[in-house]
Amino acid sequence: MIFPLEQLVKFTGNVYEITVAASRRAYQLAMMKDSEIDRNDGKVVSLAAKQVFNNSIQYKRIEQK
């Protein structure tokens, strides 16, 4: 799977926020050595982006005080 560019182009929300969410998810997947990475030909970032865009995972913005 390649990076979901079509979904990125159609995305109307905060691009910075979703980029950070996908980046952090990619880090989580890599650290957990998730088996889904192997099914995605080792492409951690595209897998994380797919999960974020398809709402397979949820994220929330944490405001610092």
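So, here's what we can say about the structure. (Residues numbered from 1 in each chain as written. Predicted model: local features only at pLDDT ≥ 70, side-chain atom pairs only at ≥ 80, totals over all residues. Heavy atoms only, no water.)

**Topic: the nonpolar core**
At step 1: Ranked by size, the top nonpolar core spans seven residues in total: Ile18, Ala21, Ala22, Ala49, Val52, Phe53 and Ile57.
At step 2: Taken together, the elements giving at least two residues each to this core come down to helix H2 (15-32) and helix H4 (44-53).
At step 3: Grouped together as the second largest cluster of nonpolar side chains are six residues, Ala26, Leu29, Val44 and Ala48 included. (Core = buried A, V, L, I, M, F, W, Y, C linked by side-chain atoms within 4.5 Å. Buried < 20%, exposed > 50% of the residue type's maximum accessible area, 1.4 Å probe, protein only. Helix = DSSP H or I, 4+ residues; strand = E, 2+ residues; numbered from the N terminus.)

**Details of the pattern of salt bridges**
At step 1: Tallied over the entire structure, the rule returns two salt bridges.
At step 2: Ionic pairing is found between arginine 61 and glutamate 17, a salt bridge with its closest N-O pair at 4.0 Å. Placement of arginine 61 in the segment after H4 and of glutamate 17 in helix H2 is noted, with a sequence separation of 44 residues between them.
At step 3: Judged by its relative accessible area of 25%, glutamate 17 falls in the partly exposed class.
At step 4: Two residues, arginine 61 and glutamate 63, come together in a salt bridge whose shortest N-O distance is 3.4 Å.
At step 5: Glutamate 63 sits in the exposed class, given a relative accessible area of 56%. (Salt bridge = Lys/Arg side-chain N within 4 Å of Asp/Glu carboxyl O.)

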